[in-house]
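Below are the chains, spelled out letter by letter.
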Amino acid sequence: MMDKQEMPFLDHLEELRWRLIKSLGAIVLGGMFSFLFIDHIIDLLIAPTEHIDTAMNLQVLTVQGMFMIKWGLAIVSGFILSLPIITYQFAKFIGPGLHSDEKRYMWPLVIFSYISFIIGVVFAYQVMIPFSLQFFSSLATADVQNNYSINYYFSFITWLMLGSGIIFELPVFVFILSMIGLLTPSYMRHYRRHALIVILILSALITPPDPISLMLMSIPLVLLYELSIGVSWLVNKSKTNTEL
């Protein structure tokens, strides 16, 4: 006889659909709210170009270019603002499959996940973007001006910030995988060298192709990996104490 508390597969799909709808709704509302301050957001994102040695001229090259940029940035900002809601919806979806002692980590996980993402975004804005702009703008010659499409500029820095934010979620991913028993501290220490190679590859994909940016991204990733080993150790220790 099937357990009454077990949810049928179609009900799982229905719940997933509503979780996705709520998440998308949060992004839309966040985007609409962000649009009220879109000019301030644009000024904030353009600010790094004012602190490099070589002048950068940003240009709108299409009639509807600025309209698309503003709404695109508003949606990205809405996504960042709504991340706690998105994470909470995901946590609620997998919640029925967790034990009661694991559910107590739900809200701390949501908060820590958002803080980690924001730290990654701030790191990219304060460190990665200035160094990257300095490197690329310095390649210009006396006969060639640095005139850039503002669409490509915002795509470039948005990719850096979102990519850095996702990378800084590494301890959160390790926490989840350790909770479900897929990662242990000994496993992570054993494959540390392999992880360093993966870290270098990820850093090369996220950052511009210069050694300084690669180093700037690799160092925090290595530190995050070591921190993640500690996170996995704490989770597995807690699970062992609970079983005893």
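Being a predicted model, the structure only gives us computed values, none of them experimental. (Residues numbered from 1 in each chain as written. Predicted model: local features only at pLDDT ≥ 70, side-chain atom pairs only at ≥ 80, totals over all residues. Heavy atoms only, no water.)

Description of the pattern of salt bridges
Moving on, step 1. The full count for this structure, using the stated rule, is 2 salt bridges.
Moving on, step 2. Across the pair Lys-70 and Asp-39 runs a salt bridge whose closest N-O atoms are separated by 3.3 Å. One end of the pair, Lys-70, is in helix α3 (residues 65-81); the other, Asp-39, is in helix α2 (residues 38-46), and 31 residues separate them in sequence.
Moving on, step 3. In this structure Asp-39 comes out as partly exposed when scored by relative accessible area, which is 45%.
Moving on, step 4. Arg-192 is the salt-bridge partner of Glu-226, the closest N and O atoms lying 2.9 Å from each other. Taken together, the residues span a long stretch of sequence, with Glu-226 in helix α11 (residues 211-243) and Arg-192 in helix α10 (residues 192-206) at a distance of 34 residues.
Moving on, step 5. We classify Glu-226 as partly exposed; its relative accessible area is 34%. (Salt bridge = Lys/Arg side-chain N within 4 Å of Asp/Glu carboxyl O. Helix = DSSP H or I, 4+ residues; strand = E, 2+ residues; numbered from the N terminus. Buried < 20%, exposed > 50% of the residue type's maximum accessible area, 1.4 Å probe, protein only.)

Some remarks on the environment of Pro-220
Moving on, step 1. For Pro-220, the location among the structural elements is in helix α11.
Moving on, step 2. Owing to a relative accessible area of 12%, Pro-220 belongs among the buried residues under this scheme.
Moving on, step 3. Sequence spacing of Pro-220 and Phe-168 is 52 residues, and the spatial spacing of their C-alpha atoms is 8.4 Å.
Moving on, step 4. Other than its neighbours up to four places away in sequence, Pro-220 contacts Phe-123 and Phe-168. (Contact = heavy atoms within 4.5 Å.)

Describing the packing of aromatic side chains
Moving on, step 1. Here the structure, examined in full by the defined rule, presents 5 aromatic pairs.
Moving on, step 2. Pairing Tyr-187 with Tyr-191 gives two aromatic rings, centres 4.8 Å apart and planes at 45 degrees, and the pair type is tilted.
Moving on, step 3. Residue class for Tyr-187 comes out partly exposed when judged on its relative accessible area of 43%.
Moving on, step 4. A residue is classified by how much of its surface remains accessible, and Tyr-191, at 33% relative accessible area, is partly exposed. (Phe/Tyr/Trp six-rings, centres within 6.5 Å; stacked < 30°, edge-to-face > 60°.)

Thoughts on the nonpolar core
Moving on, step 1. Counting 39 residues, the largest nonpolar core has Leu-45, Leu-73, Ile-129, Phe-154, Met-161 and Met-217 as the members making the most contacts within it.
Moving on, step 2. Put simply, the parts of the chain that give this core at least two residues each are α2, α3, α6 (106-137), α7 (150-167), α10 and α11.
Moving on, step 3. For this core, the leading source of residues is α6, giving 8 residues.
Moving on, step 4. Apart from the residues within four sequence positions on either side, Leu-45 is in contact with Leu-73, Tyr-125, Tyr-153, Phe-154, Ile-157 and Met-161.
Moving on, step 5. With 6 residues, the next largest nonpolar core counts Leu-109, Val-172, Val-231 and Val-235 among its residues. (Core = buried A, V, L, I, M, F, W, Y, C linked by side-chain atoms within 4.5 Å.)

With respect to a nonpolar patch on the surface
Moving on, step 1. A cluster of nonpolar side chains, namely Val-28, Leu-29, Met-32, Phe-67, Met-68 and Trp-71, defines an oily patch on the protein surface of about 630 Å² accessible area.
Moving on, step 2. Contributing elements (two or more residues each) for the nonpolar patch: α1 (9-35) and α3.
Moving on, step 3. Met-32 sits in the partly exposed class, given a relative accessible area of 47%. (Patch = residues over 30% accessible without salt bridge, like charges linked within 9 Å, V, L, I, M, F, W, Y side chains within 5 Å. Areas by Shrake-Rupley, 256 points an atom, 1.4 Å probe, with all protein chains shown as cover.)

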